[in-house]
Amino acid sequence: MKCPHCSLPIASDQTACAGCGFSASAIRAYLGADWVRLERITDVAGRLNLRETRHLETVLDEFERRFPQCFMAAYIGVLPDTLTLTDLGFWLINHGAFQTHQISRRNDFAIVLLIDPLRQQAGFTVGYALEQALPERVLLSILNKLNRSLHQGAFGTAIERASHLVDKALRTAGKREPRRPESAPTVVGDASDLGLQSLRPPTRQLPRPHAGQKS
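Remember, it's a predicted structure, so these values are computed and weren't measured experimentally.

**A short note on the overall build of the chain**
Next, step 1: On a plain count of helices and strands, the chain comes out with 6 helices and 6 strands.
Next, step 2: Taking all 215 residues of the chain together, 36% fall into the buried category.
Next, step 3: If you take every contact in the chain between residues at least 6 apart in sequence, the share linking residues at least 24 apart comes to 66%.

**So, unusual backbone geometry**
Next, step 1: Phi is positive for glutamine 120, close to 55°, though the residue is something other than glycine.
Next, step 2: For glutamine 120, the location among the structural elements is in the loop between strand E5 (110-116) and strand E6 (121-126).

**Some thoughts on the sheet that holds strand E2 (residues 41-43)**
Next, step 1: An order of E2-E3-E5-E6 is seen for the 4 strands of this open sheet, with the pairing classed as mixed. Two strands lie at the open edges of the sheet, namely E2 and E6, each paired on one side alone. Between one strand axis and the next, the sheet turns by 15° as a mean value, whatever way the strands run.
Next, step 2: Packing against the sheet, helix H4 (residues 136-144) makes contact with E5 and E6, and its axis sits at approximately 150° to E6.

**Side note on the confidence of the model for the chain**
Interpretation of this model should avoid reading the predicted coordinates in detail wherever pLDDT is low.
Next, step 1: Of the residues in the chain, 74% have a pLDDT of 70 or more, and the chain-wide mean is 82.
Next, step 2: Within the chain, helix H1 (residues 24-31) has the poorest average pLDDT of any element, 81, and E5 the best, 97.
Next, step 3: Segment residues 191-195 is flagged for pLDDT under 50; beyond a separation of four residues in sequence, or across chains, it makes 1 contact in the model.

**Quick look at the pairing of strand E3 (residues 71-76)**
Next, step 1: Within E3, 6 of the 6 residues are buried, which leaves the element mostly enclosed by the surrounding structure.
Next, step 2: One ladder, built from 3 bridges, connects E2 with E3; its direction is parallel. Note that in E3 the partner of threonine 42 across the bridge is tyrosine 75.
Next, step 3: Considered for its hand, the β-α-β crossover made up of E2, helix H2 (residues 50-66) and E3 is left-handed.
Next, step 4: By the bridge criterion, 6 bridges tie E3 to E5 in an arrangement that is parallel.

**Some words on the packing of H1 against helix H3 (residues 85-95)**
Next, step 1: Remark: H1 packs on H3, axes separated minimally by 10 Å, with the N-to-C direction vectors making an angle of 85°. One element, H1, and the other, H3, form an angle in the roughly perpendicular class. Across the interface between the two elements, Ala24, Ile27, Arg28 and Leu31 of H1 pack against Asp87, Leu88, Phe90, Trp91 and His95 of H3.
Next, step 2: Here the residues of the contact of H1 with H3 sort into 6 nonpolar, 1 polar and 2 charged.

**Looking at the pattern of salt bridges**
Next, step 1: The final tally for this structure, using the stated rule, is 7 salt bridges.
Next, step 2: Put simply, arginine 119 and aspartate 116 hold a salt bridge, and the shortest N to O gap is 3.2 Å.
Next, step 3: Since its relative accessible area comes to 0%, aspartate 116 is described here as buried.
Next, step 4: Across the salt bridge formed by aspartate 167 and arginine 171, the nearest N and O atoms sit 2.8 Å from each other. Taken together, the residues span about one helical turn, with aspartate 167 and arginine 171 both in helix H6 (residues 155-176) at a distance of 4 residues.

What counts as what
Residues numbered from 1 in each chain as written. Predicted model: local features only at pLDDT ≥ 70, side-chain atom pairs only at ≥ 80, totals over all residues. Heavy atoms only, no water. Helix = DSSP H or I, 4+ residues; strand = E, 2+ residues; numbered from the N terminus. Buried < 20%, exposed > 50% of the residue type's maximum accessible area, 1.4 Å probe, protein only. Contact = heavy atoms within 4.5 Å. Pairing = 2+ DSSP bridges. Axes fitted to C-alpha atoms, helices over the stretch in contact; angles between N-to-C directions. pLDDT = per-residue confidence, 0-100. Right-handed = clockwise from strand over helix to strand, strands pointing away. Parallel < 35°, antiparallel > 145°, perpendicular 65-115°, else oblique. Nonpolar A, V, L, I, M, F, W, Y, C, P; charged D, E, K, R; others polar. Salt bridge = Lys/Arg side-chain N within 4 Å of Asp/Glu carboxyl O.

Structure representation (structure tokens):
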């Protein structure tokens, strides 16, 4: 995996990033180790009105219908100087209980867009299961396309456009994934092996004639 703070590779047995010293224990010491409850649209900065929030909920509903295994959420808040968007995103992926329609969805399949309205910056954090489908270069390309909306303070527009661009990226990744040909069963059996009873009456097998007998 990569360090969420400086993006350098981190081995699975490393307790801290060799480049910047970031560690999961350090961010937990800063933000705590408890799980927190979040809506899919968490606007602690108060930059969205009720109409925008309801519209974005509909946008995210449609996203989840197209990708039932995933969910997308957005956080808008002013961060302190000692905390970056990637730091907070990493912590939310590991400690955020997002209120999706299906609570069973795991954060491994989460896509979280974080926006700091004061800095006019945005960042993505994705669950581990989506890192290959949404690599860093793809996410950076999407963020670059949100700059105009962020600088205009149109944060609702930025979230909606991000949803559409992530949708497109996931569909593109799905087309690149080669389909594995299905192999035919190599063992001969019947439906009774699966606990299913055939509706066709069993056929009686006639005994084979011995050598020298006429059939």
